[in-house]
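# Observations on chain architecture
Read off the chains here:
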Amino acid sequence: MITQEQIKSLVSQKIEGTGIFFVDILIRPGNSILVLLDTPEGIRIDECVEISRFINSNLDREKEDYNLEVSSPGLGYPFKVKEQYLKNIGKVVEVIMKEGNKFTGKLLNFSEESLEMEILVKDKTDSKKKKLVPEKIRLEIKTVKSTKEVIAFK
């Protein structure tokens, strides 16, 4: 059976020094392999094709059949690595906490321990509570269940 370690080793050889980073490697039943990669600017299709060809050239389909997909994680995929947080600083994200609270706002800062966001809350000085004002919040990473980028239409 093809292992995550095999795939990670092959991809690591190919992406070394390129700015491309791992997001995830999934191997599903039937040797269906999904390699998720990204760059700070967003990975291009031709980069995915090149990496896919490299993996294919180093695995033997005669020995073991598999299905391979190399792509970016896409918008609906939760962040898995710190590089995704860093890439999305200044963008709108949705954070779901382990206890169930959900925050949507601009990601301002990220460290291994916490993230800082700017969210909109009801103005406490507004008697009708219709006006929204920005407020900065800090969330500990260990309390975060998932974080995703949000598409903002203007």
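A brief structural summary. The shown structure was predicted, so the numbers you read here are calculated from the model rather than taken from an experiment. (Residues numbered from 1 in each chain as written. Predicted model: local features only at pLDDT ≥ 70, side-chain atom pairs only at ≥ 80, totals over all residues. Heavy atoms only, no water.)

### So, the nonpolar core
- In this structure, Ile7, Val11, Val35, Leu37, Ile51, Ile55 and Val70 are the most contacted members of the largest nonpolar core, which totals 19 residues.
- Going through the elements one at a time, helix H1 (4-15), strand E1 (21-28), strand E2 (32-38), helix H2 (45-58) and strand E3 (67-71) are the ones with two or more residues in this core.
- Here this core takes four residues from H1, the largest share from any one element.
- One finds Val93, Ile137, Leu139 and Val144 within the second-largest nonpolar core, a separate group that totals 13 residues. (Core = buried A, V, L, I, M, F, W, Y, C linked by side-chain atoms within 4.5 Å. Buried < 20%, exposed > 50% of the residue type's maximum accessible area, 1.4 Å probe, protein only. Helix = DSSP H or I, 4+ residues; strand = E, 2+ residues; numbered from the N terminus.)

### Notes on the packing of H1 against H2
- Viewed as axis vectors pointing N to C, H1 and H2 meet at an angle of 130°, and their least axial separation amounts to 10 Å. The pairing of H1 with H2 is recorded here as oblique in orientation. Classified by chirality, the crossing of H2 by H1 is right-handed. Judged by residue contacts, Ile7, Leu10, Val11, Gln13, Lys14 and Ile15 of H1 engage Glu50, Ile51, Phe54, Ile55 and Asn58 from H2.
- A class-by-class count of the residues in the contact of H1 with H2 yields seven nonpolar, two polar and two charged. (Axes fitted to C-alpha atoms, helices over the stretch in contact; angles between N-to-C directions. Parallel < 35°, antiparallel > 145°, perpendicular 65-115°, else oblique. Left-handed = near helix turned anticlockwise from the far one by under 90°. Contact = heavy atoms within 4.5 Å. Nonpolar A, V, L, I, M, F, W, Y, C, P; charged D, E, K, R; others polar.)

### Some words on the pairing of E1
- Examined bridge by bridge, E1 and E2 share seven bridges and lie antiparallel to one another. The residue bridging Phe21 from the neighbouring strand is Asp38, located in E2.
- Taking the residues between adjacent antiparallel strands as the criterion, E1 and E2 are bridged by three residues, where Gly30 takes a positive phi near 85°. (Pairing = 2+ DSSP bridges.)

Interpretation note: all reported values are geometric properties and have no functional meaning in isolation.
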